[in-house]
Amino acid sequence: MQFECFVETGFRFSGSSVLKACRWGMHGVWFHSYRHCKLGRSPALVERMDEMKLRFWTMGLAVFLALGFATSATTYYIDDNANDGDVYTPGFTGNDSNDGLTPTTPKLTLNNLLSSTNLLPGDIVLIDTGTYSNNVVIGAGVNGTVDNRIVFQGSTNRAVFTASGNIITINGKYLSFSNIVAFGVSDASGTGISLDGASWCDFEQIQIDQIYSGIRVVNASNSNSFRRCKVKSKSAPFSTTGSPKGNSIEKSVLYSSAGVGVAAIGGGITSLLESIV
């Protein structure tokens, strides 16, 4: 008897045989007895197998890329020369000869980290409890992405930057800052945080005190957000000049000893919500 049998696996059996019994097993169809039976693959099976190979290859590539991006992000540590109240580097102090890659080898200054390391999207900089007596400039080459910001996170026990002039100047894009204090040497001059060309940056729980000007947003510094910030200054606690656009303030306290308030020139602030000025 001639037969040709297609089963759900796509295998084709053809030949001359008396088919006595057929059972479904773990590996497809098998016969109790056969004679001159040939096993082949149907065209439909080949097409399905090629499709499955493509799917597995695509899934593997996606996993590889995901793991690659996940492992590319790096956490850096910064600490002053004391251990009081440390959160990220307990028992260790900062030294700029360290690599800053572990809690036991923190850098001493943020400037040294910025000059010796190319920060990439997704990187996290943990700034431990202490006082950092230097001006900081985060340049235009320090940029995250819309989905993967570079994070500068201070200790909840106060990471204080103090200096004369502009204490922290930011030129980069897609950056996040939290739990950072800028404390001036007097209220006669200086700016706590100055944004110049910085855009799409987030500021959360920033505190600025004893300074002439609190936060200055100048030139093309667009779409920056400030939430839960406390700013006390002699002049304007928040001011914009040049051509910034789309900046917002939310749930913040802005105080000026001279009663200046917010000085927004040219529409630099588009949203001021639930704040005390």
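Refer to the preceding data block for the structure.
Before going into details, it helps to say that this report is about the structure given with it. Note that this is a predicted model, so its numbers are computed, not measured. (Residues numbered from 1 in each chain as written. Predicted model: local features only at pLDDT ≥ 70, side-chain atom pairs only at ≥ 80, totals over all residues. Heavy atoms only, no water.)

A few points about the packing of aromatic side chains
Heads up, the rule is: The aromatic pairing rule takes the rings of Phe, Tyr and Trp, using the six-membered ring of Trp, and pairs them if the centres are within 6.5 Å, calling planes under 30 degrees apart stacked, those over 60 edge-to-face and the rest tilted. Put simply, DSSP H or I for four residues or longer makes a helix, DSSP E for two residues or longer makes a strand, and each gets a number counted from the N terminus. For every residue, the accessible area (1.4 Å probe, protein chains only) is compared with the maximum for its type, and the residue is labelled buried under 20%, exposed over 50%, or partly exposed between those bounds.
Tallying each qualifying case throughout the model produces 6 aromatic pairs. Where F152 meets F177, the ring centres are 5.0 Å apart and the plane angle is 10°; that geometry is what we call stacked. Of the two residues, F152 sits in strand 10 (residues 150-154) while F177 sits in strand 13 (residues 175-178), which places them 25 residues apart along the sequence. This pair shows no difference in class: F152 is buried, exactly as F177 is.

Details of the pattern of salt bridges
Cut-off, in case you're wondering: Any carboxyl oxygen of Asp or Glu within 4 Å of a side-chain nitrogen of Lys or Arg constitutes a salt bridge here.
Considering all chains together, one arrives at 3 salt bridges under this definition. Residue D202 pairs with R149 through a salt bridge whose shortest N-O separation is 3.6 Å. Of the two residues, D202 sits in strand 16 (residues 202-204) while R149 sits in the loop between strand 9 (136-138) and strand 10, which places them 53 residues apart along the sequence. Judged by relative accessible area, D202 falls into the buried class, the value being 19%. Counted as one network, the salt bridges with shared partners bring together E204, R227 and R228.

As for the sheet that holds strand 22 (residues 247-250)
Convention followed: Pairing between strands is defined by DSSP: at least two bridges between them are needed. A fitted line through C-alpha atoms serves as each axis, taken over the contacting stretch for helices, and the angle formed by two N-to-C directions is quoted from 0 to 180°.
Taking strand neighbours across the sheet as the criterion, the 8 strands line up as 6-7-10-13-16-19-22-25 in an open arrangement whose pairing is parallel. Edge strands, defined here as strands with exactly one partner in the open sheet, are strand 6 (75-78) and strand 25 (269-273). Across the sheet, the axes of successive neighbouring strands diverge by a mean angle of 10°, strand direction being ignored.

So, the environment of A264
What counts is decided by this rule: We call two residues in contact when some of their heavy atoms are within 4.5 Å.
Looking at where A264 falls in the secondary structure, it is placed in strand 24 (residues 262-264). Classification of A264 as partly exposed rests on a relative accessible area of 41%. Separated by 47 residues in sequence, A264 and V217 place their C-alpha atoms 9.2 Å apart. If we skip the residues at most four places from it in the chain, A264 touches T240 and I269.

Some thoughts on the sheet that holds strand 14 (residues 180-184)
As a general point, the strands of a sheet are linked pairwise by backbone hydrogen bonds and lie either parallel or antiparallel. Spatial strand order, 8-11-14-17-20-23: 6 strands in an open sheet with parallel pairing. Since the sheet does not close on itself, it has two edges, and those belong to strand 8 (130-132) and strand 23 (253-256), each with one partner. Here the average twist between neighbouring strands, direction ignored, is 15°. Looking at chain direction, strand 14 and strand 17 (residues 207-209) are connected through 3 bridges and run parallel. Residue pairing for strand 17: F183 is matched across the bridge by D209.

Focus: unusual backbone geometry
Even without being glycine, R158 reaches a positive phi, approximately 85°. In this structure, R158 sits in the loop between strand 10 and strand 11 (159-163). Residue R158 is classed as partly exposed on the basis of its relative accessible area, which comes to 39%. If you check the backbone angles, W200 has positive phi at about 55° while not being a glycine. By the secondary structure assignment, W200 is in the loop between strand 15 (191-196) and strand 16. Its relative accessible area of 34% is what places W200 among the partly exposed residues.

So yeah, pure geometry; function would need other evidence.
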